[in-house]
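Read off the chains here:
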Amino acid sequence: MDATRYVAALDQGTTSTRCIVFDHAGRVVSVDQREHEQIMPRAGWVEHDPTEILRNARAVVEGAVAKAGLEAKDFAALGITNQRETAVVWDRASGEPVYNAIVWQDTRTDKICAALGDHDTFRAKTGLPPATYFSGPKIKWILDHVGRDRDVLVGTIDTWLLWNLAGVHATDPTNASRTLLMDLDTLAWDPDLAAALDVPLSVLPEIRSSSEVFGHLRDGVLAGVPIAGMLGDQQAATFGQACLSPGEAKNTYGTGNFVLLNTGTEKVVSHNGLLTTVCYQLGGQDPVYALEGSIAVTGSLVQWLRDNLGIISSAAEIEEHARTVEDNGGVYFVPAFSGLFAPYWRSDARGVIVGLTRFVNRGHLARAVLESTAYQTREVIDAMNADSGVGLTSLKVDGGMVVNELLMQFQADILGVPTIRPVVNETTALGAAYAAGLAVGHWESEDDVRANWAQDKRWDPMLDPTARESLYRTWKKAVTRTFDWVD
Ligand SMILES: Nc1ncnc2c1ncn2[C@@H]1O[C@H](COP(=O)(O)OP(=O)(O)O)[C@@H](O)[C@H]1O
Ligand SMILES: O=P(O)(O)OC[C@H](O)CO
């Protein structure tokens, strides 16, 4: 272990790609970031260009290392973390994608999912309901679409990057657990599920752990540095938040919100609409599982207000408007833009704004938008408490929206437990860096991760419980207004 060395993390997200360089204390040394195009050819379809993502990934690694003033010999390892479920299929010989990546938000596979007769088997083996969110149906759609006579390789974004940067076709169990193709007990591809989804096992990557040397960067400024950690972004954030013991949970507020509760080596089956997923697997150790509440639309509703309605000119402005009013004025905004994810899994739902009167102004609408993130979070945390039988006593938060102090206070108010923001809010990249650094002995154990975590700010609940439950009841009523909209 050499505490003067650094670890880089490549964080390939839904809207942008970042590379962050961390020192041995887990502090950010430098960041470089690039956005990529959101391709929406039809309503409900969302695609990314895998070659643009790869180009950006290479560029941000160069950028972050240059900004830090470092070179390859200064680095112990690089970790990769990624938007999950998004699927890529490429030609085995040329390496060219045969189709754009189909993104997790894309709903084109609803008929494929509905036609998968035996939903209970998928749920029992994979911990997931067959929904458009997951990779398996997206892979089937691409293979059906481009023809099955091509010699291809398949992967989620982690695999696409690893294959291009290090020439290795592999994934980790956190990403594989989002495909509807992996058995959660064996951590192996399940031949029956693969057959049901028409995905040949020969095109799938090898499933390794989340923390081991996968290969070495073949070129660029970090040529020769080991790629030693790989996790889906929400699991990486859970690791970066040091939620390493059963009962610890975090909520990441980005494009969507993702609450993960560490359940230890025990696989908890949800009876309340949550997912069971792999939280992480360190090399040579048993996997750690999580319960997950995935919410599709939170920060992207703020973007929608900015880009589609023009009510605000920047995301930060929403807080100013929300602070001009005392409360939501009776307005509830349920952003079921692509149906509802956890805990409902209703693809027939569509967004509603209810409670409108002539009294309502822009401030109320801004407040309703922010409140919707907090209510949706309360719904998945109620489900978690019911599934685990243990009430959460605090919630660690991170992601782009947690700079919004009004939201953080309202979140504590509506949950009735404190929200806690860490000093290093880049928990996703940090988690991937830790996974990589642990694999090469740069950090010794998970105790280093715990020791490096530090609180920045905490919000305690201030709302009277009667008022809290009354608001929440009205939200639940608003949610029912979204159902049965699409036939
Ligand atoms: N001050 C703010 N108030 C509310 N939402 C915000 C604020 N600043 C950024 N956001 C939202 O946070 C999201 C970006 O968070 P980030 O964690 O970078 O997302 P992702 O990793 O999913 O791309 C955007 O959807 C944006 O609308
Ligand atoms: O890239 P993000 O932060 O929007 O996260 C997306 C999730 O991984 C989707 O499951």
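Definitions and cut-offs
Residues numbered from 1 in each chain as written. Chains lettered and ligands numbered in written order. Predicted model: local features only at pLDDT ≥ 70, side-chain atom pairs only at ≥ 80, totals over all residues. Heavy atoms only, no water. Helix = DSSP H or I, 4+ residues; strand = E, 2+ residues; numbered from the N terminus. Rg over C-alpha atoms; globule rule 2.2 N^0.38 Å. Buried < 20%, exposed > 50% of the residue type's maximum accessible area, 1.4 Å probe, protein only. Contact = heavy atoms within 4.5 Å. Areas by Shrake-Rupley, 256 points an atom, 1.4 Å probe, with all protein chains shown as cover. Lys, Arg positive; Asp, Glu negative; His and termini not counted. Charge placed at Lys NZ, Arg CZ, Asp CG, Glu CD. Near = heavy atom within 4 Å. Polar contact = N/O pair within 3.5 Å; in protein donor to acceptor, adjacent residues only side chain to side chain. Nonpolar A, V, L, I, M, F, W, Y, C, P; charged D, E, K, R; others polar. Axes fitted to C-alpha atoms, helices over the stretch in contact; angles between N-to-C directions. Parallel < 35°, antiparallel > 145°, perpendicular 65-115°, else oblique. Pairing = 2+ DSSP bridges. UniProt positions renumbered as here; feature names shortened; annotations may be inferred. Salt bridge = Lys/Arg side-chain N within 4 Å of Asp/Glu carboxyl O.

K.L.:
Could you give an account of the overall build of the protein chain, naming the residues involved and the relevant values?
P.N.:
Helices and strands together make up the secondary structure of the protein chain, namely 15 helices and 23 strands. Its C-alpha atoms give the protein chain a radius of gyration of 21 Å, near enough to 23 Å, the size a compact globule of 487 residues would have. Referenced to the eigenvectors of the C-alpha coordinate spread, the extents of the protein chain come out at roughly 60 × 50 × 45 Å. Counting across all 487 residues of the protein chain, residues that qualify as buried make up 62%. Considering only contacts within the protein chain whose residues lie at least 6 apart along the sequence, 72% involve residues at least 24 apart. Carbon together with sulfur atoms contributes 49% to the accessible area of the protein chain, which is approximately 18000 Å² in total. Within the protein chain, one finds 42 positive and 62 negative side-chain charges whose respective centroids are separated by 4 Å.

K.L.:
Just give me the short version of the site of ligand 2, but keep the residues and values in it.
P.N.:
Gly13, Thr14, Gln83, Arg84, Glu85, Trp104, Tyr133, Asp233, Gln234, Thr255 and Phe258 make up every residue found near ligand 2. Glu85 places a side-chain nitrogen or oxygen 2.6 Å from an oxygen atom of ligand 2. Between ligand 2 and Tyr133 there is a distance of 2.7 Å, counted from an oxygen atom to a side-chain nitrogen or oxygen. Contact with the protein chains covers 90% of the free accessible surface of ligand 2, which is 310 Å². Across the shell around ligand 2, the residue classes break down as 3 nonpolar, 5 polar and 3 charged.

K.L.:
Describe the packing of helix α11 (residues 362–388) against helix α15 (residues 465–480), and please don't skip the residues or the numbers.
P.N.:
At their nearest, the axes of α11 and α15 sit 11 Å apart, and the two run at 90 degrees to each other. In terms of orientation, α11 lies roughly perpendicular with respect to α15. Where α11 abuts α15, its residues Ser372, Tyr375, Gln376, Arg378, Glu379 and Asp382 lie against Arg468, Glu469, Leu471, Tyr472, Trp475, Lys476 and Val479. When its residues are assigned to classes, the contact of α11 with α15 shows 5 nonpolar, 2 polar and 6 charged.

K.L.:
Lay out the sheet that holds strand β16 (residues 257–264) with the relevant residues and their values.
P.N.:
If you trace the 7 strands from one edge of the open sheet to the other, you get β17-β18-β16-β15-β21-β22-β23, paired in mixed fashion. The open sheet has two edge strands, β17 (275–280) and β23 (455–459), and neither has a second partner. Between one strand axis and the next, the sheet turns by 30 degrees as a mean value, whatever way the strands run. Bridging between β17 and strand β18 (residues 288–295) involves 5 bridges; their strand directions are antiparallel.

K.L.:
Before we move on, could you go through the site of ligand 1 and cite the residues and values that matter?
P.N.:
Residues in close proximity to ligand 1 total 15 residues, the closest being Thr15, Thr255, Gly299, Gly400 and Asn404. Gln303 places a polar side-chain atom, nitrogen or oxygen, 3.3 Å from an oxygen atom of ligand 1. Within the backbone of Gly400, one N or O atom sits 2.9 Å away from an oxygen atom of ligand 1. Surface burial for ligand 1 is 81%, taken as the share of its 590 Å² of free accessible area covered by protein chains. At 4 residues, the largest contribution of residues to the shell around ligand 1 is made by helix α9 (residues 299–309). Residues belonging to the shell around ligand 1 are distributed by class as follows: 6 nonpolar, 9 polar and no charged.

K.L.:
Break down the pairing of β18 for me, citing the residues and quoting the values.
P.N.:
Most of β18 sits out of view: 8 of its 8 residues are buried. Side-chain alternation along β18 places Val288, Ala290, Glu292 and Ser294 on one buried face and Tyr289, Leu291, Gly293 and Ile295 on a second face that is also buried. Pairing between β16 and β18: 7 bridges, direction antiparallel. Each residue of the ladder has a partner; that of Phe258, found in β18, is Ser294.

K.L.:
Break down unusual backbone geometry for me, citing the residues and quoting the values.
P.N.:
A cis geometry characterises the amide bond from Ala342 onward to Pro343, with omega recorded as -5 degrees. Residue position: Pro343 is located in the loop between β19 (332–334) and β20 (352–354). Backbone geometry at Leu187 places phi at a positive 55 degrees, although glycine is not the residue there. With respect to the secondary-structure elements, Leu187 resides in the loop between β10 (182–183) and β11 (188–189). One non-glycine residue, Asp198, lies in the positive phi region at around 55 degrees.

K.L.:
I'd like a rundown of the side chain of Thr377, residues and numbers included.
P.N.:
Its location among the elements puts Thr377 in helix α11. Residue contacts for Thr377: discarding those within four places in its chain leaves Asn251, Tyr253, Asn257, Val259, Ile295, Leu395 and Gln411.

K.L.:
With reference to specific residues and values, describe the UniProt feature "binding site: glycerol" (unreviewed entry) in the protein chain.
P.N.:
With numbering matched to this structure, UniProt assigns "binding site: glycerol" (unreviewed entry) to Arg84, Glu85, Tyr133, Asp233 and Gln234. Residue placement: Arg84 occurs in the loop between β5 (75–82) and β6 (87–91). Judged by its relative accessible area of 3%, Arg84 falls in the buried class. Not counting residues within four places of it along the chain, the set of residues in contact with Arg84 comprises Trp104, Tyr133, Asn175, Arg178, Gly232, Asp233, Gln234, Gln235, Phe258 and Glu292. Within the secondary structure, Asp233 is located in helix α8 (residues 233–240). Residues in contact with Asp233, not counting those within four places in the same chain, are Thr81, Asn82, Gln83, Arg84 and Thr428.

K.L.:
Lay out the UniProt feature "binding site: sn-glycerol 3-phosphate" (unreviewed entry) in the protein chain in plain terms, naming residues and giving numbers.
P.N.:
Per the UniProt entry, the sites bearing "binding site: sn-glycerol 3-phosphate" (unreviewed entry) are Thr14, Arg84, Glu85, Tyr133 and Asp233 in this numbering. Along the polypeptide, Tyr133 turns up in the loop between α3 (119–126) and α4 (135–146). We classify Tyr133 as buried; its relative accessible area is 0%. Excluding residues that lie within four positions of it along the chain, Tyr133 makes contacts with Arg84, Glu85, Trp104, Lys138, Arg178, Phe258, Leu275, Glu292, Ser294, Phe341 and Trp345. Within the structure, Tyr133 has its side chain in polar contact with the side chain of Arg84 (distance 3.2 Å).

K.L.:
Tell me about the pattern of salt bridges, and please be specific about residues and values.
P.N.:
According to the stated counting rule, one finds 37 salt bridges in the structure shown. Two residues, Asp11 and Arg18, come together in a salt bridge whose shortest N-O distance is 3.8 Å. Classification of Asp11 by relative accessible area gives buried; the value is 5%. The class of Arg18 is partly exposed, set by a relative accessible area of 24%. Residue Arg346 is joined to Asp348 by a salt bridge in which the shortest nitrogen-to-oxygen separation is 2.9 Å. On the accessibility criterion, Arg346 (26% relative accessible area) is partly exposed. In this structure Asp348 comes out as buried when scored by relative accessible area, which is 14%. Counted as one network, the salt bridges with shared partners bring together Arg84, Glu85, Arg178, Asp233 and Glu292.

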